[in-house]
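Next come the chains, spelled out residue by residue.
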Amino acid sequence: YNPYASVWFSWFLGNGFNLSLGEGAHIGLHNDLTQAIGRDFTAFQQNLALSYVRHNWNVTGNAFYATGRTRETGSQPKTFNLDMTATKRHGRKEYGAVAYGQWDLNSPSVGYLGGGKKQSEIAVGGLFGYLLGNLVQVQAKFTTNVYQKNLGGYDTRLWLQVILPVWTPRAPTPRNAR
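Residues numbered from 1 in each chain as written. Predicted model: local features only at pLDDT ≥ 70, side-chain atom pairs only at ≥ 80, totals over all residues. Heavy atoms only, no water.

**Digging into the overall build of the protein chain**
A tally of helices and strands in the protein chain yields one helix and nine strands. Sequence-ordered secondary structure for the protein chain, helices as α and strands as β, is β-β-α-β-β-β-β-β-β-β. Here the protein chain, with 178 residues, has 28% of them falling under the buried criterion. Taking the intrachain contacts of the protein chain between residues at least 6 apart in sequence as the baseline, contacts between residues at least 24 apart amount to 44%. Total accessible area on the protein chain is roughly 11900 Å²; 61% of this is exposed by carbon and sulfur atoms. (Helix = DSSP H or I, 4+ residues; strand = E, 2+ residues; numbered from the N terminus. Buried < 20%, exposed > 50% of the residue type's maximum accessible area, 1.4 Å probe, protein only. Contact = heavy atoms within 4.5 Å. Areas by Shrake-Rupley, 256 points an atom, 1.4 Å probe, with all protein chains shown as cover.)

Structural data, given as structure tokens:
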């Protein structure tokens, strides 16, 4: 609900492996909407992602650590999150498994969601994607909790994601081309 700005550095390691490091921040808006839904916070986030993208496979693990401050309670929750994806592309279709987990690393203040208790969850599910034209990709994910603590119960989610590239570089010209 709060804007996120970040800078990422990525390296191609060879044989389909890629490594990315990111630094970013969620910026608190302090407006009626973010306060009404209880998500008005400022947080700093560090990311580490490792991917294998080759032979129509995409296997990615993205971990991030965040620390911040909520305006209402002044709490400084520290969290660790892990997102995992393993998909295979066949023509325009993509399908596979997804999972995520999130863990509070400290006990936030009593006014924090969950009543000041550490919260955590692990969810697993599936992904189906489709490439429209040559650029626009649509993905649907369906996940359900297999573990949760202090979140008020298990939940099942349907996610819809549309990926629209803003800019795509041209393919490099081979060195021996005429």
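There is more to say after this.
**Details of the side chain of N18**
Along the polypeptide, N18 turns up in strand β2 (residues 17–26). Among the polar contacts listed, one links the side chain of N18 to the backbone oxygen of G16, at a separation of 3.5 Å. Apart from the residues lying within four places of it in its own chain, the contact partners of N18 are W11, F12, L13, A49, L50, S51 and V53. (Polar contact = N/O pair within 3.5 Å; in protein donor to acceptor, adjacent residues only side chain to side chain.)

**Examining the side chain of R89**
Considering the arrangement of structural elements, one finds R89 in strand β5 (residues 78–90). Side-chain polar atoms of R89 contact the side chain of E94, separated by 3.3 Å. For R89, the contacting residues outside a window of four places in its chain are N56, E94, L131 and Q137.

**Digging into the packing of aromatic side chains**
Applying the stated criterion to the full structure yields three aromatic pairs. With 5.1 Å between their ring centres and 55° between their planes, F17 and Y52 make a pair best called tilted. Residue F17 is found in strand β2, and its partner Y52 is found in strand β3 (residues 41–54); the two are separated by 35 residues along the sequence. (Phe/Tyr/Trp six-rings, centres within 6.5 Å; stacked < 30°, edge-to-face > 60°.)

**Some words on the pairing of strand β9 (residues 156–163)**
For strand β8 (residues 136–149) and β9, the ladder comprises eight bridges, and the chain directions are antiparallel. By the bridge assignment for β9, T143 is matched with R157. Hairpin connection, β8 to β9: the antiparallel pair is bridged by six residues, and N150 has positive phi, about 65°. (Pairing = 2+ DSSP bridges.)

**Here's the deal with a nonpolar patch on the surface**
A cluster of nonpolar residues, V7, F9, W11, L13, F17, L21, L48 and L50, forms a patch on the protein surface that exposes about 770 Å² of accessible area. It is strand β1 (residues 4–14) that provides the largest number of residues to the nonpolar patch, a total of four residues. By the element assignment, V7 lies in strand β1. Overall, the relative accessible area of 49% leaves V7 in the partly exposed class. (Patch = residues over 30% accessible without salt bridge, like charges linked within 9 Å, V, L, I, M, F, W, Y side chains within 5 Å. Salt bridge = Lys/Arg side-chain N within 4 Å of Asp/Glu carboxyl O.)

**Observations regarding unusual backbone geometry**
The phi angle at H55 is positive, at roughly 55°, despite the residue not being glycine. Among the secondary structure elements, H55 is positioned in the loop between β3 and β4 (57–70). Positive phi, normally seen in glycine, also occurs at N150, with a value near 65°. Assignment of secondary structure puts N150 in the loop between β8 and β9.

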